Amino acid sequence: MSDTNPPSRAGTVVVGAGAVGCSVAYHLTELGAEDVVVVDQGPLPVTGGSSVHAPGIVFQTSPSKVQTKAAHYTSRLLSDAGVYDEVGGIEIARSEERMDFLRRRVEWATSYGLPDPQLLSPAAVTEYLPLVDEDEILGGYYSPTDGRVDGIGALRWYMEQSDAAFYGGVEVTDIDTTGGEARAVETDQGRIDCDRCVVATNNWGYQTGQLAGIDLPIAPVEHQYVVTEPLEELSGAGSEVGTHTEGMEVPGNRDIQEQMSEGPHRPVGRDQDNSLYFRTHGDALGMGSYNHETLSVDPTAMGTNSADRQASVRGFTDRHWTTPTHRSREKSAKQAFDELLPAAADAEYEATENGIFVFTPDGMPAVGETAAVDDLWSALAIWWTHSGGYGRILAEWMENGVPRLPSGKVDTGGIHVRRFEPHAGETDYFVDRGAKRYEQVYSIVEPRWQPDDHRGLRTSPFHDRQAELGAEFYQSGGWEVPQWYGSNADLVDRYEDQIPEQDGWQGINRSPIAAAEHLHTREKVSMFDMSTFTSIEVSGDGATEFLQRTCTNDVDVEPGRVRYSLLCNRGGGIVADVTVVRLGPEEYVVTTGGGNSPGIHGEWLVERAPATVSVDVQEGARSTVGLWGPNARLLLQRVTDADVTNSGFPYFRAKQIYVGEVPVLALRVSYVGELGWELWAPVEYGRRLWDTLWAAGQDLDVRPMGGGALESMRLEKGYRLWGNDIDTDADPYSAGLGFAVDTDTDFHGREAVESVRAGGPDERITPITLDDSTDIMLGGRPVMKGGEALGYVQAAEFGYTVGESIAYTYVPSEYAEAGTSVEVLCEGERYDATVRDEPLFDPGREKIVR
């Protein structure tokens, strides 16, 4: 920490000296970065942000691999630093539904490598947590390495151990982004010119983004915490409250910091059935509640510290503690705690707060370099639980170009700040969605759950037709995407004997219609709406050379040829998989998925293009129909004069054709393993494209097909989906995509990719099928051999054509041979399974190339 004014020049400026900002600065300097400066508007280390009023509880287990890995790294780092109390963590169940959820916790922990996850009986829970009324619970989940971070102690450790310079009492007033680059941070104590800037202000994330001219969807919300007076039942623990912050400048109420600095001596606990958590504070008990209506805070007016309060703390609202206001909870926090922890029922509270923290619209962090401003990095929506891990991930990304932890590369599709849709920065939208995520934070969220607010934001030109056909719409990237169509209900009877029932958790929000659409497409012809997919036009002098440098495959092919390729980062991690279409000497169309693809994949190309090359990411600019099935050629030939025979229009070729009057870029490719085409048309022609194909195919029994059928069909064929089966934590060879690598081209990440090829991948993706069950497996569930986890389910569905339940997983290469017997743990059941060769469907490609 420094008592002087900040310098006028730095290599990196980190805005925010809380858990995340300090972690980023520490890890940057550990990796060799120089001239790192950290500034915060509050005093150091007690800044007034959420890092110093939080109870610091760390529960590591998450359905998300990257969240779990980040949390575990945090616990190890801060344990070694001596600022982490490894007392263990116990999540209790007060309902059968929660007990089922805790079994999922064990499975996720097993998949992602947390040590010794355990289910506990009620009696075992109360051995660890004797204040809990055993009669109130059905059991618990115990993670021995969970615990609590000493917030102020951890911040001091970061500041003492890092070579970065830290400055408190410095208000950031502007961020200079002249020319689209982070050039300087303006403060009330002068300008700091810099090469790059990190936004780590969490509760102030939206406001800090506004200084740089960008809309970061960071929604602050309040939640409650109380600390009791000393309890007789905890009298042996003692207390040092009153000594923790001696000599420190503490804004607002010092009692909060004193209480939060008092560590636990028993496992930290959660009662998620009532949206509650708790821990001991020496001889007192701390109790936290999400069990109240969402108390959103205006993201434009977080404010600053004052003599009366810290900026991230609001006054305690007794009504939200004593009255049920949460839409999904029958009891108030006070009633639920009194029943669970009767020793605290009549205790007075020595400290109370409504503390502020943040959510994004999807509840995940916002990490990485922003698209709008080069060298401006986001490290937002991160709690103490994951702060050490994400500090390391971001520092590796900034310094070495590869997001990773010491355990290996990490997947970034679900955390990248660029994943958000164009509308996500509108305040009403992200505040509402953040409020919903708050409401769900301890809820059991069903598979394939869908929001009911802010719907209909993005619709394809086919939407009205789809609605008429009874489409069941899911929202993806803001788009309304059909999953199945009610008009196809008659197909269920036709294929009834091929569609096994799905019960229990796996069967929620599913329909047998999706299975029937799969089988119909294999037999006849279907139309799939691909308008959410992204097309990227690349043209200009040097376009070929540019794509040769960015794509792993050789795309210097004759016009009209199509190539499947990958984009890789410096470490060989897969940033995207793309289809590259050459239209002319220096003219290409690159297609990729929807959702987060425009922001992540499109911008990855944009920022690497030379001045002579235009990269136009056409999000929503085209209407696209996937026309697939054995009768696809017959239907298409009826509506075009182009030659679409196999010899006239071979597989992986492209043509500009007319479908009726509609100008179309037709690609002979298929994501379902059937004969077919992708038909890309300008968006204004979309309705006519749909109607023309629909009318021409009635006697062929053409049907609409939804996303449910797409998933099962692509898994039968072994086609990858970025963000599910492949991401930045996988390389081309472990992902089984070595055929998309041409090492004669000098592409980005080639050295790392060639290293894997030379030595062979440590793990490989493979399909497995269940030996004697038709149940569908769920993502994140462990794949076992001899009692040890080999990997986990990346994606799974029932293969209605092959008649088997399919799961894809990465396993160590020595276990990836076909015929290897494994087990899958899912919903508390053990399923025998077998490793298989891929693809499971049409390995000779007779269906797709005919």
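Residues numbered from 1 in each chain as written. Predicted model: local features only at pLDDT ≥ 70, side-chain atom pairs only at ≥ 80, totals over all residues. Heavy atoms only, no water.

**Section: the overall build of the protein**
When you go through the protein residue by residue, the secondary structure sums to 22 helices and 42 strands. The C-alpha radius of gyration computed for the protein amounts to 28 Å, which stays within 12% of the reference 29 Å derived for 850 residues, consistent with globular compactness. With the principal axes as the frame, the protein shows a C-alpha extent of 85 × 60 × 50 Å. For the protein, the residues scored as buried account for 61% of the 850 residues in total. Counting only contacts in the protein whose residues sit at least 6 apart along the sequence, the fraction spanning at least 24 positions is 73%. Between the centroid of the 69 positive side chains of the protein and the centroid of its 135 negative side chains there is a distance of 6 Å. (Helix = DSSP H or I, 4+ residues; strand = E, 2+ residues; numbered from the N terminus. Rg over C-alpha atoms; globule rule 2.2 N^0.38 Å. Buried < 20%, exposed > 50% of the residue type's maximum accessible area, 1.4 Å probe, protein only. Contact = heavy atoms within 4.5 Å. Lys, Arg positive; Asp, Glu negative; His and termini not counted. Charge placed at Lys NZ, Arg CZ, Asp CG, Glu CD.)

**Regarding the sheet that holds strand β8 (residues 147-149)**
Taken in spatial order, the 3 strands of this open sheet run β3-β8-β4, and their pairing is antiparallel. Two strands in the sheet have a free side with no partner beyond their single neighbour: β3 (57-58) and β4 (84-85). When β4 meets β8, the two strands line up antiparallel, connected through 2 bridges. Bridge assignment links Tyr84 to a residue of β8, and that residue is Val149. (Pairing = 2+ DSSP bridges.)

**Looking at the packing of helix α15 (residues 512-523) against helix α20 (residues 707-717)**
Axis separation between α15 and α20 bottoms out at 8 Å; the angle between their running directions is 55°. With respect to each other, α15 and α20 are oriented oblique. For α15 against α20, the interelement crossing comes out right-handed. The residues of α20 that touch α15, namely those facing Ala514, Glu517, His518, Thr521 and Arg522, are Gly708, Ala709, Ser712, Met713 and Glu716. When its residues are assigned to classes, the contact of α15 with α20 shows 3 nonpolar, 4 polar and 3 charged. (Axes fitted to C-alpha atoms, helices over the stretch in contact; angles between N-to-C directions. Parallel < 35°, antiparallel > 145°, perpendicular 65-115°, else oblique. Left-handed = near helix turned anticlockwise from the far one by under 90°. Nonpolar A, V, L, I, M, F, W, Y, C, P; charged D, E, K, R; others polar.)

**Considering the pairing of strand β40 (residues 804-812)**
The buried fraction of β40 amounts to 7 of the 9 residues, a majority that puts the element mostly inside the structure. The pairing of strand β37 (residues 763-770) with β40 spans 7 bridges and is antiparallel. The residue bridging Ile768 from the neighbouring strand is Ala807, located in β40. Sheet topology note: the strand β39 (residues 788-799)/β40 ladder contains 6 bridges and is antiparallel. In the strand pairing of β40, Val793 is matched with Thr809. Taking the residues that link successive antiparallel strands as the turn, the β39-β40 hairpin has 4 residues, and the phi of Gly803 there is positive, at about 75°.

**Description of the packing of aromatic side chains**
Under the counting rule described, the total for this entry stands at 30 aromatic pairs. When the centroid spacing of 5.8 Å and the interplanar angle of 20° are considered together, the rings of Phe528 and Trp628 count as stacked. Of this pair, Phe528 sits in strand β26 (residues 526-529) while Trp628 is found in strand β32 (residues 622-628), placing the two residues 100 residues apart along the sequence. For the pair Phe528 and Trp628, one class covers both residues: buried. Aromatic rings pair up to connect Tyr225, Tyr277, Tyr290, Phe357, Phe359, Trp383, Tyr438 and Tyr442 into one cluster. Geometry around Phe59 places Arg270 over its ring, the cationic atom sitting 4.0 Å from the centre. (Phe/Tyr/Trp six-rings, centres within 6.5 Å; stacked < 30°, edge-to-face > 60°. Lys NZ or Arg CZ within 6 Å of the ring centre and 35° of its normal.)

**Quick look at the nonpolar core**
Membership of the largest hydrophobic core comes to 52 residues, with the highest contact counts inside it found for Leu78, Tyr158, Phe166, Val198, Trp384, Tyr390 and Leu394. Looking at this core, the elements with two or more residues in it are α1 (19-30), β2 (36-39), α3 (65-80), α6 (151-161), β21 (376-380) and α11 (384-400). Not counting residues within four places of it along the chain, the set of residues in contact with Tyr158 comprises Ala19, Cys22, Ser23, Tyr26, Leu77, Leu78, Phe166, Trp384 and Gly388. With 33 residues, the next largest nonpolar core counts Val172, Cys194, Val358 and Leu376 among its residues. (Core = buried A, V, L, I, M, F, W, Y, C linked by side-chain atoms within 4.5 Å.)

**Section: the environment of Ala212**
Looking at where Ala212 falls in the secondary structure, it is placed in the loop between α7 (205-211) and β13 (219-228). Judged by its relative accessible area of 6%, Ala212 is buried. Each C-alpha atom, one on Ala212 and one on Arg465, is 42 Å from the other, the two residues being 253 residues apart in sequence. If we skip the residues at most four places from it in the chain, Ala212 touches Ile175, Thr177, Val373 and Leu376.

**Concerning the side chain of Thr29**
By the element assignment, Thr29 lies in helix α1. In terms of polar contacts, Thr29 uses its side chain to reach the side chain of Ser162, at 3.2 Å. The contact partners of Thr29, leaving out residues within four places of it in the chain, are Val36, Ser162, Asp163 and Ala164. (Polar contact = N/O pair within 3.5 Å; in protein donor to acceptor, adjacent residues only side chain to side chain.)

**Concerning the pairing of β13**
Burial of β13 is extensive: 10 of the 10 residues sit out of reach of the surface. Here β13 shows a buried face lined by Ala219, Val221, His223, Tyr225 and Val227 and a second buried face lined by Pro220, Glu222, Gln224, Val226 and Thr228. With 10 bridges connecting them, β13 and strand β19 (residues 349-359) associate as antiparallel partners. Looking at β19, one finds that Tyr225 is bridged to Glu353. Two elements, β13 and strand β16 (residues 284-289), share 4 bridges in a ladder whose sense is antiparallel.

**Description of unusual backbone geometry**
Going from Leu44 to Pro45, the amide bond is cis rather than trans, its omega being 0°. Mapped onto the fold, Pro45 is located in the loop between β2 and α2 (50-53). Even without being a glycine, Ser275 presents a positive backbone phi close to 60°. Positionally, Ser275 belongs in the loop between β14 (268-271) and β15 (276-281). At Arg448, a position not held by glycine, the phi torsion is positive, near 60°. Tracing the backbone through its elements, the reader meets Arg448 in the loop between α12 (427-440) and α13 (463-468).

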